[in-house]
Amino acid sequence: MSLPIEELTPRQIVMELDRYIVGQADAKRAVAVALRNRFRRLRLPAAERDDILPKNILMIGPTGVGKTEIARRLAQLARAPFIKVEATKFTEVGYVGRDVESMIRDLAAASVRLVEKEKMEEVWPEAERRALERIVEMIDEEIQRELPAVADEIQEDDGDSAPFYSGFATEDPETRSIRHEQIYRELLEDKHDNRILEIYVEESSNPFFQVFTPGGMEEMGIDTNQLASPFPSKHVARKITVKEGRQSLIDDEARKMIDKSAIQREAIIRAEQTGIIFLDELDKVAGKSGGSGPDVSREGVQRDLLPIIEGSTVATKFGPCRTDHILFIAAGAFHISKPSDLIPELQGRLPIRVQLDSLNEGDFRRILFEPKNALTRQYTRLLEMEGVRISFSGDALDTIARFATEVNSKTENIGARRLHTIMERLLEDVLYEAPEIERKEIHYTAETVENRLGKLVHDVTKSNVVL
């Protein structure tokens, strides 16, 4: 099977990550090598692949410096199944809560969604053609109903039965085909978008239950389509416009054309061979358990993580999933605990350690305008939808970056997330008044930023609460 691993060199992978993440060169190099090693492994003979195990990564750095973003962008780049979980959600087996195996079940579900989306895109042209043909049939039937009805002259009126209309029965197939082609062309030209149609949509009634499993509380779904049960799927009639119903019918046709069993088999393989799990807040389960209270199972969570990271088989509703070749990227601030506070066995399962640097004023300035999804670009595009154009001078960006650094130094250091708070406060008025504002072009200078935010930033008490 051809797996969707990009044939990019580590240098090219870092260049792709640079489009979204500022700085953190060491972390980018580490994940680029990990991704390239997967590609190298898949080129080996099948008999040798099982001997090559992934080198899991531990990212160490304060919040808001790009740990999660690096892992998420890496997964998008590789088109690999990816989930982000927090270690604090899990409890040791024997306590009420989620067990660590649930992350593998979540990864399998994410893989199924990913593969299903890809398969639906492959059959999209044919599914669209079939859906349009269905719409043509419905429009034609609607048009014929609107025409004056003509009773069959041969029918004898016995006074009791209703007249029989034989328009469709006696119609020439070629005439009907020509009419359908005309409607099809009109449909492509969006001439019937506002016509109301009655379509039947399948509405699944599969119930979900919270159940206690040997590992903890889990959500269980029952596939009642395969069983004789009081919860069958039903079709509900809905009256919607052609424009609204087109997408629904295309999705319906695409799902009919794909093999769900094959999707699930491929999804499990994809999760096993290319899955990435980002395990955040690992530092919160570091340290020895105190024996009581909320931290009673911290060390137990670490012990439960060992077989998952080392390699085991987890039962999912899509089939058993092996974890031997799943890449685990763990992360934590470790400002109170240290990586050495983890149990030795878990430390050994995370051999690659990467230290992420705290962001400085220069980094903040670059984050404001350099990445593809830079904050200033996000707000500019949003307000353009209201017809308002905003722009920022270079000294305005310098001032915003300086304010973010100052507030982080005086209060909790939340990294680049501080920029979100400051930008929201700076643009609060224009975001609120944009629909009615008369001034359609607004330029922000250092003086504007200082007048708007200066008092808040310099007042420690207020900045603690507001910023």
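Scroll up for the structure.
Residues numbered from 1 in each chain as written. Predicted model: local features only at pLDDT ≥ 70, side-chain atom pairs only at ≥ 80, totals over all residues. Heavy atoms only, no water.

Novice: Where do I start with the environment of T411 in this structure?
Specialist: Mapped onto the secondary structure, T411 falls in the loop between helix 15 (394-410) and helix 16 (417-426). Separated by 49 residues in the primary sequence, T411 and V460 place their C-alpha atoms 8.0 Å from one another. Only 2.7 Å separates the side chain of T411 from the backbone oxygen of V407, close enough to count as a polar contact. In this structure the side chain of T411 is engaged in a polar contact, spanning 3.1 Å, whose partner is the side chain of R418. (Helix = DSSP H or I, 4+ residues; strand = E, 2+ residues; numbered from the N terminus. Polar contact = N/O pair within 3.5 Å; in protein donor to acceptor, adjacent residues only side chain to side chain.)

Novice: Sorry, what's going on with helix 9 (residues 242-257) here?
Specialist: At 3.6 residues per turn, the α-helix brings residues three or four places apart onto the same side. With 16 residues, helix 9 should reach 22 Å at 1.5 Å per residue; the first-to-last C-alpha distance of 22 Å fits that figure. Among all positions of helix 9, only V242, G245, R246, L249, I250, D251, E253 and A254 are buried. (Expected span 1.5 Å × (residues − 1). Buried < 20%, exposed > 50% of the residue type's maximum accessible area, 1.4 Å probe, protein only.)

Novice: Looking at this model, I keep getting lost on the side chain of S312. Mind explaining?
Specialist: Secondary-structure assignment places S312 in the loop between helix 11 (298-310) and strand 8 (313-316). Polar contacts involving the side chain of S312 include one to the main-chain carbonyl oxygen of P307, which spans 3.3 Å. S312 has contacts with P307, C321, R322, T323 and D324, leaving out every residue within four places of it along the chain. (Contact = heavy atoms within 4.5 Å.)

Novice: I'm lost on the nonpolar core in this one. Help?
Specialist: In this structure, I329, I390, F392, I400, M423, L426 and L427 are the most contacted members of the largest nonpolar core, which totals 61 residues. Sort the elements by how many residues they give to this core and helix 15 lands first, with seven residues. In contact with I390, other than residues within four places in its own chain, are Y379, T380, L383, L427, I442 and Y444. One finds L58, L107, L305 and I308 within the second-largest nonpolar core, a separate group that totals 58 residues. (Core = buried A, V, L, I, M, F, W, Y, C linked by side-chain atoms within 4.5 Å.)

Novice: Explanation requested: the pattern of salt bridges in the structure shown.
Specialist: Should their charged atoms come close, side chains of opposite charge can pair. Here the structure, examined in full by the defined rule, presents 34 salt bridges. Between E118 and R270 there is a salt bridge, with the nearest N and O atoms lying 2.9 Å from each other. Separated by 152 residues along the polypeptide, E118 in helix 5 (residues 102-122) and R270 in helix 10 (residues 260-274) bring together distant segments of the chain. Judged by its relative accessible area of 2%, R270 is buried. For K256, the salt bridge goes to D252, with nearest N and O atoms at 3.8 Å. Residue K256 and its partner D252 are located together in helix 9, separated by four residues, close to a single helical turn. With relative accessibility at 55%, the residue K256 sits in the exposed group. Overall, the relative accessible area of 24% leaves D252 in the partly exposed class. Put simply, E118, K119, E266 and R270 are held in one network by salt bridges that share partners. (Salt bridge = Lys/Arg side-chain N within 4 Å of Asp/Glu carboxyl O.)

Novice: What is the right way to look at the packing of helix 1 (residues 10-18) against helix 4 (residues 67-78) in this model?
Specialist: Helices that pack against each other are described as a pair by the angle of their axes relative to one another and the distance between those axes. Packing of helix 1 against helix 4 leaves a shortest axis separation of 10 Å and a crossing angle of 120°. If you check the angle between helix 1 and helix 4, you find them oblique. For the crossing formed where helix 1 meets helix 4, the hand is right-handed. Judged by residue contacts, I13, E16 and L17 of helix 1 engage I70, R73, L74 and L77 from helix 4. The residue inventory of the contact of helix 1 with helix 4, partitioned by class, reads five nonpolar, no polar and two charged. (Axes fitted to C-alpha atoms, helices over the stretch in contact; angles between N-to-C directions. Parallel < 35°, antiparallel > 145°, perpendicular 65-115°, else oblique. Left-handed = near helix turned anticlockwise from the far one by under 90°. Nonpolar A, V, L, I, M, F, W, Y, C, P; charged D, E, K, R; others polar.)

Novice: Whenever I open this one, the pairing of strand 13 (residues 441-444) confuses me. Can you help?
Specialist: Moving residue by residue along a regular strand, the side chains alternate between the two faces of the sheet. Across the two faces of strand 13 the burial differs, with I442 and Y444 buried and E441 and H443 not buried at all. Sheet topology note: the strand 12 (residues 389-392)/strand 13 ladder contains four bridges and is parallel. The partner of S391 across the bridge, within strand 13, is H443. (Pairing = 2+ DSSP bridges.)

Novice: It is not clear to me how the packing of helix 15 against helix 16 should be interpreted in this structure. Could you clarify?
Specialist: The interhelical angle for the contact between helix 15 and helix 16, taken along N-to-C directions, is 125°, at an axis separation of 10 Å. Between helix 15 and helix 16, the angle is such that the two are oblique. At the point where helix 15 passes helix 16, the crossing takes the right-handed sense. For the pair helix 15 and helix 16, the contacting residues are I400, F403, A404, V407 and N408 in the first and R418, L419, I422, M423 and L426 in the second.

Novice: Would you take a moment to explain the packing of aromatic side chains for this structure?
Specialist: To describe a pair of aromatic rings, one takes the distance between the centres and the angle between the planes. One pass over the structure, following the stated rule, counts one aromatic pair. Relative to Y444, the ring of F392 lies with its centre 5.3 Å away and its plane at 15°, an arrangement referred to as stacked. Note that F392 is positioned in strand 12 and Y444 in strand 13, a separation of 52 residues in sequence. Its relative accessible area of 16% is what places F392 among the buried residues. With a relative accessible area of 7%, Y444 lands in the buried category. Its guanidinium or amino end placed over the ring of Y20, R73 lies 3.8 Å from that ring's centre, counting from NZ or CZ. (Phe/Tyr/Trp six-rings, centres within 6.5 Å; stacked < 30°, edge-to-face > 60°. Lys NZ or Arg CZ within 6 Å of the ring centre and 35° of its normal.)

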